Amino acid sequence: MKNSSTPQGDLSAQIAASIRDAIIAGDLIVDARLPSEAELAEQFKVSRPTVREALKRLAAQALIRTQRGATGGAFVNHLKYPDAYAQQITTSTLLLSMNEVSIATACEARFALERACTRLSAERRSADHLATMRAEMFRQSQPGLSDEAFCASDVAFHRALVDGAQNPVMSYQLAGAVEAMQPLMNMITFTARSREKIVALHGQIADALEAQNAADADAALTELEAYTISLARDVLDAHARR
């Protein structure tokens, strides 16, 4: 790890970045114990509270974990894909909310990424993935289900489709697309959509995956994309006319 030589700026962020770079470069390996707060403060020529704040930043990114006791301290964490989902989703949500991303652009990205999983999901999906999709379809068909609960179930259905590909890298990359983009689309279209149509399309997707028919699953997903974009355009046009 390099010593911090910059006198100004957010020192805790700079220290966290330096330690993060050392982890990425392999200078600090999984389960390696970091120097003590006093040692880090001496190394970076800063106060211990500044070091403590840097360690909090790294812990928030799941890069390190802390243990108490005589053998305690800060240790390099074994970061797993599911542990990184929340950060990916948060970043994607912020990017979408803070920038002018059209519904067409969001749909294009989300469905293109999800479609990439369809063939693999048709080949690899497990009984549990299919059971999750069927359970969410049943939930979506309940008449008393709130709009928020329907949206959450919609996300869970598509999460199962993606996870059915059983490729952790794709699941991670699609966490932002499914978990962040889909709620955005749901918020725009929930007042105009037909739940029955969506459940029917979900049924076609699940049936095709169960039959290991990637072409039919892709066709149903394409139809769902067209329906979503059409709804969004109608809703946005109606708002523009007000």
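The name an unreviewed UniProt entry assigns to the protein is Transcriptional regulator, GntR family, from the organism Litoreibacter ascidiaceicola.

Time to look at the state of the cysteines. Inspection of the entire model under this criterion finds zero disulfides. Of all cysteine sulfurs, the one in Cys151 lies closest to Cys107, which takes part in no disulfide; the gap is 13 Å. Not engaged in a disulfide, the cysteine Cys117 finds its nearest cysteine sulfur in Cys107; these two sulfurs lie 17 Å apart. On the basis of relative accessible area, Cys117 is assigned to the buried category, the value being 0%.

We now examine the nonpolar core. Judged by nonpolar contacts, the single largest core of 33 residues is most densely connected at Cys107, Met133, Leu174, Ile205, Leu209 and Leu224. Secondary structure elements with two or more residues in this core: helix H5 (103-124), helix H6 (127-140), helix H7 (147-163), helix H8 (168-189), helix H9 (195-210) and helix H10 (214-241). Setting aside residues no more than four positions away along its own chain, Met133 makes contact with Phe157, Ala160, Leu161 and Leu209.

Scoring rules and cut-offs
Residues numbered from 1 in each chain as written. Predicted model: local features only at pLDDT ≥ 70, side-chain atom pairs only at ≥ 80, totals over all residues. Heavy atoms only, no water. Disulfide = S-S within 2.5 Å. Buried < 20%, exposed > 50% of the residue type's maximum accessible area, 1.4 Å probe, protein only. Core = buried A, V, L, I, M, F, W, Y, C linked by side-chain atoms within 4.5 Å. Helix = DSSP H or I, 4+ residues; strand = E, 2+ residues; numbered from the N terminus. Contact = heavy atoms within 4.5 Å.

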